[in-house]
Every structure is written in structure tokens, then in C-alpha cells.
Amino acid sequence: MNFINPKTDFAFKKIFGSAGSKDILISFLNAILYEAQPVIEDLEIIDPYLAPKIKGVKDTYLDVKAKISGSKTVIIEMQVLNVESFEKRILYNATKAYSLQLKSGENYNLLNPVIALTITDFQMFEHLETVISRFCIKEKNNLVDYLADELEFVFVELPKFDKTLAELETLTDKWIYFMKTARTLRSVPEELGNVPELRKAFTIANEANLDPDELEDLERREIFIQDQRGAITKATRIGIEQGIRQGIEQGIEQGIKQGNVTLIVRQLEHSVGVLSPEIQTRIAQLSAQQLQSLGEALLDFASVSDLTTWLQAHNNRQ
């Protein structure tokens, strides 16, 4: 058997965010958030997964979002690439989910707690040894909680988990092992298969149970992730090499900028198609701050015309 990679956004939402995945998500959240205690007995999956109907490299999948016991909202994101300002995006998504609970004129006491659960395929907190980290709002000097239950941030760093199959002890261990290794397995290990929800997760993740559109979409997403990883590595190398050749601080900065230009052009061509030399020249003339803004905006571009409109709006010469 071949299993889809739960670390891709498509597969993650299919496994944990499908209409029939309630029991899987309950088991997973209890394992990660509550040390496998049955705190969550029921939940509502918001915006459940639907099989892709529109093909294209810009297909995206929203975070899995659910309302759990105690009127709490959990937003869950699986992040493979360590992109710029990712930490701020997590904070933005959590506070947005919190504030959007109220309509204009409603009382603040109607606000319910939000938990932002983020699973990463890279290390975010190198100074921490724990696989799971929890953050809340505290007073800076005395570490006294401030509305501790209202906003909570939970992170699972997969690279820090190094237990083997034989070393798995808890349900938490088993779910993290599934997230990290499912793609490499060719059968369901007995240690995991004896948990009904995990066995069901493997069934959903079995490539044989996907339709052709889903398989095509999955392949496209995995190729995209590999391209982005390669582009980031190449851009970093180009920036360093050019900076070293020039041998001065200005040369290093210019080399890094050129590397960023190369990365952005590659991302754009992956999304909207081949760019003309004229457009590439216009991109190269952008300042470092404008390049950063373009790197954030390009995720929303559907065509070259979107790019040219953006360039014109930022006073880039024809």
C-alpha cells in the first residue's frame, strides 16, 4: 500500500477535515492538546474538505477548523516550508478567528476561546527540546496569566520527534509518528492499527481510495513543495556566492537581493506562466522592501495581468 503524505495541506485536510473524519479529529486533538485524555467528546468540523473540482497550481486548502467542547474554536495548520513571517501569520489567524466571532454591536462576553494548533515539518524553537510547545498570554515579569484560556498557541515540531515504532508509548506518540512517517510506510503497523481512529486515518490516506482528480492534485502539491524547497536553497546559494565574489558588504547585499529576485521570478512563473524579459527587469528594479511585498502578494496572482497591475500600483516604470 502507498499512503498520501499527511504533511501536505491537501492530504492533511482530507484526513482530518473530511465530513466523516470527526472521530479521527477528536482522537488527534485529545492526543495533542490534552495528553490523550477524553476532554473532547464531540466537535463540529467547519468548512469540511471537498474533493478538488478546479485544477491549477493555485489550488489551496483552508486550515482545518473545528468547534470543540466548551465552545472553543481550534484552527489547525500543517506547515511544511519555513516561510518569512510565518510566526506573525499564526498570530494573525488566531486573533482573526477570535475577533470574527462578534458582529457589530455585540457584547465582548460572547467571545469564546481560540486554540491555534500548528504542526511544522521544521524546527521553530531551537532552544526548546520538547516536541509539543504551548504558549499563552502572560505578564512579562511575574509570568501571571492574562486570560490564559482565551488565546492559546500549540506547536508540534515533527523533526524533534525521534521515537521508533517500538518506542511508541502513548496515543500522542502514535499520532505524531503517523504524521511524520505515514508517507514512507507500506502497511499499517500493528502498534498503530490497534487504535480505531488511526486505522481509519490510514484507510483515508491509502492512495488506492483516492479518485484520479485527487491523485493529480496531490502530485501537483508535492511537486510545488519540492520546487519551493529547491528554489529557496538555490536562492540562498546564489545570494551567498555572489556576495562572496564581490567581497564587500554591498556586494553581499546585492547578491542576496539577486537571489531573492531569482526565487520570486521562479515562483511567479510556476503560478502564472513564463515572464517576459521586460517584466523580469521590472522585478529586478524593485527595492528589497518591494520584493518582500511582492513575495507575499504573488500567492494571490492568477495571471500575468495581476502581476503587471501590482507593478503599476507600486510605481514601477514600464
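Residues numbered from 1 in each chain as written. Predicted model: local features only at pLDDT ≥ 70, side-chain atom pairs only at ≥ 80, totals over all residues. Heavy atoms only, no water.

Focus on the nonpolar core
Inference 1: Counting 52 residues, the largest nonpolar core has Phe16, Leu25, Phe28, Leu29, Leu117 and Phe178 as the members making the most contacts within it.
Inference 2: Of all the secondary structure elements, the ones that give two or more residues to this core are helix 1 (9-17), helix 2 (22-33), strand 2 (64-68), strand 3 (72-79), strand 4 (114-120), strand 6 (151-157), helix 4 (171-181) and helix 6 (196-205).
Inference 3: Looking at this core, the element that brings in the most residues is helix 2, giving 8 residues.
Inference 4: Aside from chain neighbours lying at most four places away, what touches Phe178 is Pro6, Ile15, Phe16, Leu198, Ala201 and Phe202.
Inference 5: Residues Val265, Leu268, Leu294 and Trp310 belong to the second largest nonpolar core, which totals 17 residues. (Core = buried A, V, L, I, M, F, W, Y, C linked by side-chain atoms within 4.5 Å. Buried < 20%, exposed > 50% of the residue type's maximum accessible area, 1.4 Å probe, protein only. Helix = DSSP H or I, 4+ residues; strand = E, 2+ residues; numbered from the N terminus. Contact = heavy atoms within 4.5 Å.)

Brief notes about the packing of aromatic side chains
The description of two aromatic rings rests on the distance between their centres and on the angle between their planes.
Inference 1: What the rule picks out here adds up to 11 aromatic pairs.
Inference 2: Their ring planes at 80° and their centres at 5.1 Å tell us that Phe125 and Phe155 sit as a pair that is edge-to-face. Of the two residues, Phe125 sits in the loop between strand 4 and strand 5 (132-136) while Phe155 sits in strand 6, which places them 30 residues apart along the sequence. Take Phe125 and Phe155: they sit in the same class, and that class is buried.
Inference 3: Taken together through their ring pairs, the aromatic side chains of Phe3, Phe12, Phe16, Phe28, Trp175, Phe178 and Phe202 make up a single cluster. (Phe/Tyr/Trp six-rings, centres within 6.5 Å; stacked < 30°, edge-to-face > 60°.)

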